[in-house]
Amino acid sequence: EKVREELVPFHERMSEEKNKSADAVAERKLLLAKKDEHQKNLKEAKDEYASASESVKANEQSLAKAEKELKAATKELGDMQKELAATTQKESALSQALATVRGKVEQAKQAGKESQSQTAIHAALLEGSRSKILTGFCGKLGDLGSIDAKYDVAVSTACPQLNYYVVETTADAQKAVDYLRTKGVGVATFLILEKQRHLASEMAVAFKADGMRLFDLIAVSEEKYRVAFYYALRNTLVADSLDMASKLAYADRSRPQRVVTVKGELIEASGTMSGGGAKPIQGRMRLGAGGGKAANRAASSADAPEVTKEQLVQMEKLIKDKEPELRKSQARIAELEDAVATAEQRVAELSERTIPKLQASIESGKGMVAELAKRISDIDGATVLTAADEKRLKELEKAIFAVDEGVRAIEVSCEHLTRKVEELQERIDNCGGPKLRALRKEEGELTARIEAAKSELASQKAAMATADKTVARLEAEMKKSEKEVAKIVADRESREKAFAKLAESSQGVRDEYAEAQSALEEAESRLAELSETYAKYESALNKFRSMEIEMESELEELSQSVTDAKGTKKHWNACLASTREKYDVAAAEYAAARGDDVPEEENRLAFLSLSADELAAQFDDVEALSTEIAQLQGTIASMKPDMSALEAYKEKHAEYISKQEHLDTLTTERDTQRASHDELRKKRLHEFMAGFNVISLKLKELYQMITLGGDAELELIDSLDPFTEGIIFSVRPPKKSWKNIVNLSGGEKTLSSLALIFALHAYKPTPIYVMDEIDAALDFKNVSIIGHYIKDHVVGQNARNGSGGGASRCAQFIIISLRNNMFELSDRLVGIYKTQNTTKSITINPSAFPTSALTA
């Protein structure tokens, strides 16, 4: 016991030293933890700064590459468009030329097929005439006279009888028919001269109507064939234009005339009109100013093809050679059109989406780099440990070292007593027997428990002392933090005032921008009007130029017509003199037959006043004339024309004109509506793409701000037709890969959706929003970010004060929330509760409660 009593002072000293050491270690640990936290924050800020700087650098490289690619793509697009225009023009010209050649080839082949049988008939008849089998055969009517080339189409169209074969008598015609039947080459139509002699008197009567007859323009090879041409043409008139032909045809409504134009448009006496076609009818008659051997022949017969075999072969070879070139041009056009469409899409993608997106990313990244640099500067410049803390840390380290040395010295000084106590205790335990050893053991356990309790008590006392010191230090730091908070609040108020001034000054800039935009729109509208006026004047000028060319051409034609008319006049003057001579001879014969010595003029009058019987007595072959008259009268009687068809035709024609006018009106209205519809579609696409680009850039900016480093994009599935397929919303949360919004977690979906809503609000503000537990899936940090953004950026201090603040500060938010850090930021709190089975509500104005009262 005595030895143990000697050890007690040593143990008490050791306990005191250990308690001191524990207090110093705890205080030292707190100071080191504060220093480690500072180093950790600094390291994180530097890492984020390096990452943001690298991202900005990568985006700047991508932007330079995209701008270079845009320049190259624009140049390539321009080159391809020029090549496409040139190739299209070449293909159009080549296609048109080939179409013309193909038409000529087809016409030549068709004409060749049709002329084969006619050529065989003509050859057979000529062979019979040369072999004296067909003695009265004269030839084809078109070969027995000639006409000026100007009227080739007119006479070929108006006189299909030019393909008839002329014979002298009915017997000659029968011989020719039998001869053709014997040869087996086909059938032909024959015109018998002896049957047409009754037309001589009608042909001799002077034509007194307006206009010029085709019959008068024909020069016959022999005079006896003139009656055959009169039979075929009668009083058919010829005109230079369709308008002139209409005037001549209906000059006398009671007796319409048959008129044909030089282009082959034919107006029948019945009122029907024919014309048009790819190729006019021509070549049925000899061409030239005179008849007989002097006449030049355009073709040997009406059916002779205009294209020779050699020309046909050359044209077919040309088609064969040019078709591969045409197909090559068409294939190249298709390739160029696809390439141009792809290039236009790529240029639009680069200029409208990629480059603006990279520019926005660079701007946002630079802002983040600047913010991180400021943060690093603030963290680096902030004092981690004060001079007093550093001094205290050194003192604690020295105190801990001194206590440890003192404890070791005490242990060394009491070591011999401890060994002595152990030896005595062992001897005591051995001398008392088992019972005493058990008691000793129990005593040792109790002693150990007492020592442990004492040690715990000392430790608790030390902990209490340490806690008191910590509380005192924290209270001092809290007072210091309150001063810093007051300073920050004052700084914030000054910044808000500065921002208000900036907002006021920016309003002037906005007004100037609006005025400039309005002036630009007016200038564009004026430019469009001037362009339209210029186009109208240019179109009118082109029309006048076209009219000038047509008038010059018409003047040349009229000059040529005057020249031809002079020649025709000379010809007909000679014919008139010849006719008068013949008439005088006939009148003289008549006077001689009468045996009267009557003056010449009286003989002429008497000849003109003869009756039908008296004329019959003067002419031979009266029976043939009577037979032909009877045949014609029978033919007219058998035809039985339905004259009511003319009235029905007029009604149908009037109905057709009415419906055509109605159709034209509807077509014009349809074209107007279609143009309006196209204009509205273009306007919708333009406005949508402008809004889409603004919203997309704003979404990227807001998502990066809300998530502190993420990224978001809106992409069109089909950029050429955005209204068909829709939009893809993709996001990249911080430190993650790109994902579609449907593959995100609940919190990430919430942040993405809210970023899109805020972007839409920035583009086109809505006065009120209702949101139901938008913070349910968010953690404490993100709830605070969303709440502060709504309060500071969307609603804003100016809106709460009623002074306005621009388009982005004119909204009210009604938010249903159960999160403290959301509804504590509200301007008004509405609580819903239930008492006595009745739902009640209460409204609180948080700003009415002082902050100090809430803190207390």
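Whatever comes next refers back to the structure up there.
Here we summarise the structure given alongside this text.

What counts, and at which threshold
- Residues numbered from 1 in each chain as written.
- Predicted model: local features only at pLDDT ≥ 70, side-chain atom pairs only at ≥ 80, totals over all residues.
- Heavy atoms only, no water.
- Pairing = 2+ DSSP bridges.
- Helix = DSSP H or I, 4+ residues; strand = E, 2+ residues; numbered from the N terminus.
- Core = buried A, V, L, I, M, F, W, Y, C linked by side-chain atoms within 4.5 Å.
- Buried < 20%, exposed > 50% of the residue type's maximum accessible area, 1.4 Å probe, protein only.
- Contact = heavy atoms within 4.5 Å.
- Axes fitted to C-alpha atoms, helices over the stretch in contact; angles between N-to-C directions.
- Salt bridge = Lys/Arg side-chain N within 4 Å of Asp/Glu carboxyl O.
- Phe/Tyr/Trp six-rings, centres within 6.5 Å; stacked < 30°, edge-to-face > 60°.
- Lys NZ or Arg CZ within 6 Å of the ring centre and 35° of its normal.

### A look at the sheet that holds strand 2 (residues 145-147)
Next, step 1: With mixed pairing, three strands are arranged side by side in an open sheet as 6-2-11. Where the open sheet ends on each side, the last strands, each with one partner, are strand 6 (219-220) and strand 11 (286-287).
Next, step 2: Pairing geometry for strand 2 and strand 11, over two bridges, is parallel. Looking at strand 11, one finds that S146 is bridged to R286.

### Observations regarding the nonpolar core
Next, step 1: One finds L141, I147, V155, L214, I218, F229 and V238 to be the most contacted residues of the largest nonpolar core, which totals 33 residues.
Next, step 2: When residues of this core are traced back to their parent elements, those giving at least two are helix 2 (152-158) and helix 5 (226-233).
Next, step 3: Formed by 30 residues, the second largest nonpolar core is a distinct cluster that contains I741, A755, F758 and Y769.

### Notes on the sheet that holds strand 14 (residues 739-740)
Two orientations exist for strands paired in a sheet by backbone hydrogen bonds: parallel and antiparallel.
Next, step 1: Strands sit in the order 12-13-14 across an open sheet of three strands; the sheet is antiparallel. Each having just a single partner strand, strand 12 (711-716) and strand 14 make up the two edges of the open sheet.
Next, step 2: Pairing analysis gives two bridges linking strand 13 (residues 727-732) to strand 14, with the strands arranged antiparallel. Across the sheet, V731 pairs through a bridge with K739, a residue of strand 14.
Next, step 3: Across the face of the sheet, helix 14 (residues 644-707) comes into contact with strand 12 and strand 13 while running at roughly 160° to strand 12.

### Some points on the side chain of S329
Next, step 1: Tracing the sequence through the fold places S329 in helix 7 (residues 309-381).
Next, step 2: Judged by relative accessible area, S329 falls into the buried class, the value being 7%.
Next, step 3: In contact with S329, other than residues within four places in its own chain, are T87 and E91.

### Describing the environment of M80
Next, step 1: Checked against the element boundaries, M80 lands in helix 1 (residues 2-130).
Next, step 2: As for M80 and E337, which are separated by 257 residues in sequence, their C-alpha atoms are 8.7 Å apart.
Next, step 3: Apart from the residues lying within four places of it in its own chain, the contact partners of M80 are L336, A339, V340 and A343.

### Some details on the pattern of salt bridges
Next, step 1: One pass over the structure, following the stated rule, counts 25 salt bridges.
Next, step 2: Notably, a salt bridge pairs K224 with E168, separated by 2.7 Å at the nearest N-O pair. Here E168 lies in the loop between strand 3 (165-167) and helix 3 (170-183) and K224 lies in the loop between strand 6 and helix 5, a separation of 56 residues in the sequence.
Next, step 3: Classification of K224 as partly exposed rests on a relative accessible area of 40%.

### So, the pairing of strand 13
Next, step 1: Bridge analysis of strand 12 against strand 13 gives six bridges, and the strand direction is antiparallel. Note on strand 13: the bridge partner recorded for L714 is F729.
Next, step 2: Between strand 13 and strand 14, which pair antiparallel and follow one another directly, the connecting turn spans six residues, one of which, K735, has a positive phi of 65°.

### Remarks on the packing of aromatic side chains
Next, step 1: Enumeration according to the criterion identifies seven aromatic pairs in this entry.
Next, step 2: Pairing Y165 with F190 gives two aromatic rings, centres 6.2 Å apart and planes at 45°, and the pair type is tilted. Pair noted here: Y165 is in strand 3 and F190 is in strand 4 (residues 190-192), with a separation of 25 residues, a long-range link.
Next, step 3: Here F688 and F723 contribute two aromatic rings whose centre-to-centre distance is 5.1 Å and whose plane-to-plane angle is 50°, an arrangement assigned as tilted. With F688 in helix 14 and F723 in helix 15 (residues 722-725), the pair connects residues that are 35 residues apart, well separated along the chain.
Next, step 4: On the basis of relative accessibility, which here comes to 26%, the residue F688 falls in the partly exposed class.
Next, step 5: Through pairs of rings, three or more aromatic residues link up here, namely F137, Y165 and F190.
Next, step 6: When the ring centre of F723 is taken as reference, the NZ or CZ atom of R684 above it lies at 3.7 Å.

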